[in-house]
Amino acid sequence: MKGRIVRGSISTGVEVKLDPQYTVEDVKVGNFAVIEGRKYRYFSLVSDVKIESTNPAMLVDSFEDEDELAREIIVGDSIFGNISLNPMLMADKEQVGETRAVRTIPPHSSPVRTATDEDVAHVFGSPDNKVFFSMGTPLEMDSPVCVNLPKLVERCSGIFGKAGTGKTFLTRLALAGITKSQAAVNLIFDAHNEYGWEATKEEDRGDGVLQESHVKGLKQLFPSRVVIFTLDPESSRRRGAKFDHEINLAHSQITPEDVLLLQSQLNLNSTATETMHLLSGKMGAEHWFGLLAEMAAEEMKDYAEEHGLHLGALQALQRKLKRVYDLPFMKDKIPFDAVDKIMQYLNAGKHVVIEFGSTQLLGYMMVTNILTKRIHAEYVRRMEKYQATRENKPPHLVISIEEAHRFLSPELARDTIFATIAREMRKFNVTLLLVDQRTSGIDSEVMSQIGTKIACKLDDESDVNALLTGVHDAKNLRNILYSLDSKQQALILGHAVPMPVVIKTRNYDAQFYNEIVETNYQENDKAFNEMVNDMYNDDEEI
Ligand SMILES: Nc1ncnc2c1ncn2[C@@H]1O[C@H](COP(=O)(O)OP(=O)(O)O)[C@@H](O)[C@H]1O
Ligand SMILES: [Mg+2]
């Protein structure tokens, strides 16, 4: 594409008259374009494409039937494509290097062109798997678009889009990037068993028939850096998925607040809430849950009488909590505390994936909430200690959750641990990576705390609005969001990229595995030695 600036302002962006040899059909919303001003080069996104004429009356005539030559003579230069551009960054043309936010606009008649590979590298950096990590390419280009990983993890981030648009794949890429660079340690609540070990993907063979294939999980790419905990070992075995530890929760770990998060799933009313708090007060926060589980009918009657509680309310609460007692990982007593083990791994710089197997939403929400609460508390403690002693700083932690809106809905958000983490920003060295298909279900205050947003196609207006709350230039980005393909395209905006950009998501395939797998021989040797040691120990035991 080539053209010239005809009009513009800082607030509305600039308009470009497309050179006559190009047609409007060649210019897509979201394309990356460069304006060559006299002093500055401006990096921009196409936000709109229109047909215009110097003589508006001509627009209503049809020239379809004229032959090529006649059309050229009659229409000539008077009907043309008009491209709206949003300059987002500028760079001094003399001094190569730093780009900065746009504070001027290019003069009239400045030439406009499609971006080149050098432009993309200038703005987004060149991939080095340490700071700059390639997430894809601009539309219709092959040069890598990088996110800045330390900036990505520095604040909360979110990967959004409706079902089937490629969120899980983008999340895999981002997690692999973080793991590779060690920009942070990951704690991943893997609701659908997609990140730890192998997962299946369905793909159109090209004739409408779906074909199943496998994609590698983090543990396969980074065997010595990733540890998998499972809540459902049976499911892992069935799927042939490896895991390192099993997690169980003890009755003593459940507080009334943990149960309250499940209010709507368990259909708890205010009486139930009150009863829980009363029980916890009387029996102790560590005992109420287990004691209530075991209470027989007669015992309950006596207890209610003795403590002036309403028997019906007690019975109803026990009935409603039965779904929680019955969760397979819920135990009276547990052999070890998973949180201690997880913390040991995180401190050693290992990444932890928690797999849920066939655990349903209720179990997922409860476990995710309880573990996060305790790990966060542990982080707060360690960070405070670090601030006092300047020793043993815990590594930056990124907690990834799927179905984020379940934990961050406006009704819940003020009270949940996740909202607390989002609000604290990076004070305690913990940030979130939210994965969700319903941005409108997430509390708007939390949405506004998200530093980097990676958005696949969203077509519900309320979701688009929620995504763009508080975003500068929302009007232009809205057009771009609506125009994304329904698969493997995304708009990235915020802290980790110097300017918003539309990408075709990098393929997560054999080539990617080759580019990312552990190449540090020392580390590979270490993993190998550990494996040999394990085998040796096994032999000894026999
Ligand atoms: N980066 C990618 N590399 C390879 N395949 C992809 C990629 N992104 C999307 N896909 C394809 O699109 C399908 C849906 O992507 P997925 O991430 O599972 O969607 P979502 O999590 O948004 O529902 C996948 O099964 C896969 O076939
Ligand atoms: Mg998914």
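Residues numbered from 1 in each chain as written. Chains lettered and ligands numbered in written order. Predicted model: local features only at pLDDT ≥ 70, side-chain atom pairs only at ≥ 80, totals over all residues. Heavy atoms only, no water.

## Section: the site of ligand 1
1) Next: Taken together, 16 residues surround ligand 1, and among them G164, K167, T168, F169 and R506 come closest.
2) Next: Take K167: an N or O atom from its side chain is 2.8 Å from an oxygen atom of ligand 1.
3) Next: Between ligand 1 and T168, the relevant distance is 2.7 Å, taken from an oxygen atom to a side-chain nitrogen or oxygen of the residue.
4) Next: Of all elements in the fold, only helix 4 (167-181) and strand 12 (199-204) reach the threshold of two or more residues within the shell around ligand 1.
5) Next: Ranked by the residues each element gives to the shell around ligand 1, the list is headed by helix 4, at three residues.
6) Next: Grouping the amino acids of the shell around ligand 1 by side-chain chemistry returns three nonpolar, seven polar and six charged. (Near = heavy atom within 4 Å. Polar contact = N/O pair within 3.5 Å; in protein donor to acceptor, adjacent residues only side chain to side chain. Helix = DSSP H or I, 4+ residues; strand = E, 2+ residues; numbered from the N terminus. Nonpolar A, V, L, I, M, F, W, Y, C, P; charged D, E, K, R; others polar.)

## Points about the packing of helix 11 (residues 297-307) against helix 12 (residues 311-325)
1) Next: Where helix 11 contacts helix 12, the axes come no closer than 9 Å and their chain directions differ by 135 degrees. The angle between helix 11 and helix 12 falls in the class oblique. Crossing of helix 11 against helix 12: the hand is right-handed. Within the contact between the two elements, helix 11 uses M300, K301, Y303 and A304 and helix 12 uses L311, L314, Q315 and Q318.
2) Next: Here the residues of the contact of helix 11 with helix 12 are counted per class, giving five nonpolar, two polar and one charged. (Axes fitted to C-alpha atoms, helices over the stretch in contact; angles between N-to-C directions. Parallel < 35°, antiparallel > 145°, perpendicular 65-115°, else oblique. Left-handed = near helix turned anticlockwise from the far one by under 90°. Contact = heavy atoms within 4.5 Å.)

## Looking at the environment of I188
1) Next: Within the secondary structure layout, I188 lies in strand 11 (residues 185-190).
2) Next: Separated by 167 residues in the primary sequence, I188 and E355 place their C-alpha atoms 8.4 Å from one another.

## Regarding the domain arrangement of the protein chain
1) Next: When its domains are assigned, the protein chain resolves into domain 1 (2-115), domain 2 (152-248 + 338-507), domain 3 (252-329) and domain 4 (509-542).
2) Next: Taking only C-alpha atoms, the centre of domain 2 and the centre of domain 3 are 32 Å apart.
3) Next: Listed by partner, the interface residues are 18 residues for domain 2 and 13 residues for domain 3.
4) Next: Between domain 2 and domain 3 the total buried area reaches about 1400 Å² when both faces are included, carbon and sulfur atoms providing 71% of it.
5) Next: Where domain 2 meets domain 3, there are one salt bridge.
6) Next: Here K373 and D258 are joined by a salt bridge, their closest N and O atoms 2.5 Å apart.
7) Next: Scanning the region where domain 2 abuts domain 3 turns up three residue pairs in polar contact (both at pLDDT 80 or more).
8) Next: Looking at the side of domain 2 that touches domain 3, the elements with two or more residues in it are helix 14 (361-389) and helix 15 (405-408).
9) Next: A per-element tally of the side of domain 2 that touches domain 3 places helix 14 first, with 10 residues. (Domains from an automatic or database assignment. Buried area = accessible area lost by both parts, 1.4 Å probe. Salt bridge = Lys/Arg side-chain N within 4 Å of Asp/Glu carboxyl O.)

## Some words on the packing of aromatic side chains
1) Next: Enumeration according to the criterion identifies 12 aromatic pairs in this entry.
2) Next: A centroid spacing of 4.7 Å and a plane angle of 50 degrees characterise the contact between F289 and Y325, whose relative ring orientation is tilted. With F289 in helix 10 (residues 288-294) and Y325 in helix 12, this pair connects stretches of sequence that are 36 residues apart.
3) Next: Y325 gets classed as buried once you look at its relative accessible area, which sits at 13%.
4) Next: Centre to centre, the rings of Y508 and Y513 are 5.6 Å apart; their planes meet at 80 degrees, and the pair counts as edge-to-face. You'll find Y508 and Y513 in the same group, each marked buried.
5) Next: Taken together, the aromatic side chains of F169, Y508, F512 and Y513 make up a single cluster linked through ring pairs. (Phe/Tyr/Trp six-rings, centres within 6.5 Å; stacked < 30°, edge-to-face > 60°. Buried < 20%, exposed > 50% of the residue type's maximum accessible area, 1.4 Å probe, protein only.)

## Observations regarding the packing of helix 19 (residues 461-468) against helix 20 (residues 474-482)
1) Next: At a minimum axis distance of 11 Å, the contact between helix 19 and helix 20 shows a crossing angle of 135 degrees. In this view, helix 19 runs oblique relative to helix 20, as classed from their interaxial angle. Considering how the two elements wind past one another, helix 19 and helix 20 form a crossing that is right-handed. Contact residues: E461, V464, N465, L467 and L468 in helix 19; A474, L477, R478, L481 and Y482 in helix 20.
2) Next: Looking at the contact of helix 19 with helix 20 residue by residue, the classes come out as seven nonpolar, one polar and two charged.

## Quick look at the confidence of the model for the protein chain
1) Next: Averaged over every residue, the pLDDT of the protein chain is 89; residues scoring 70 or more account for 94%.
2) Next: Under a pLDDT of 50 for its full length, residues 538-542 has, in the predicted model, zero contacts with residues more than four places off or in other chains. (pLDDT = per-residue confidence, 0-100.)

## Structural notes on the sheet that holds strand 10 (residues 157-160)
1) Next: Strand order in the open sheet formed by 12 strands is 9-8-23-22-21-10-20-19-11-18-14-15, and the pairing between neighbours is mixed. Since the sheet does not close on itself, it has two edges, and those belong to strand 9 (145-148) and strand 15 (245-246), each with one partner.
2) Next: The sheet contact formed by strand 11 and strand 18 (residues 351-355) spans four bridges and is parallel. Looking at strand 18, one finds that D190 is bridged to E355.
3) Next: Sheet strands in contact with helix 13 (residues 338-347) are strand 11, strand 14 (226-230), strand 15, strand 18 and strand 19 (397-402), and its direction is about 170 degrees off that of strand 14.
4) Next: Lying over the sheet, helix 17 (residues 417-424) contacts strand 19 and strand 20 (430-436), oriented at roughly 120 degrees with respect to strand 20. (Pairing = 2+ DSSP bridges.)

## Quick look at the pairing of strand 20
1) Next: Of all seven residues making up strand 20, seven are buried, and the element is well covered by its neighbours.
2) Next: Residues V430, L432, L434 and D436 of strand 20 are buried on one face, and the alternating residues T431, L433 and V435, pointing to the opposite face, are buried as well.
3) Next: Pairing between strand 10 and strand 20: four bridges, direction parallel. What sits directly across from F160, in strand 20, is D436.
4) Next: Direction of pairing for strand 19 relative to strand 20: parallel, over a ladder of six bridges.

## Remarks on the pairing of strand 9
Regular strands place side chains that alternate from one sheet face to the opposite one.
1) Next: Burial of the side chains of strand 9 extends over both faces: V145 and V147 are buried on one face and C146 and N148 on the other.
2) Next: The antiparallel pairing of strand 8 (residues 132-138) with strand 9 creates a hairpin that spans six residues between the two strands, and E140 there sits at a positive phi of about 60 degrees.

## Remarks on unusual backbone geometry
1) Next: Phi at N129 takes a positive value of approximately 60 degrees, unusual for a residue other than glycine.
2) Next: Its place among the elements puts N129 in the loop between helix 2 (117-124) and strand 8.
3) Next: Phi at N193 takes a positive value of approximately 55 degrees, unusual for a residue other than glycine.
4) Next: Considering the arrangement of structural elements, one finds N193 in the loop between strand 11 and strand 12.
5) Next: Of the residues examined, N193 reaches a relative accessible area of 11% and is grouped as buried.

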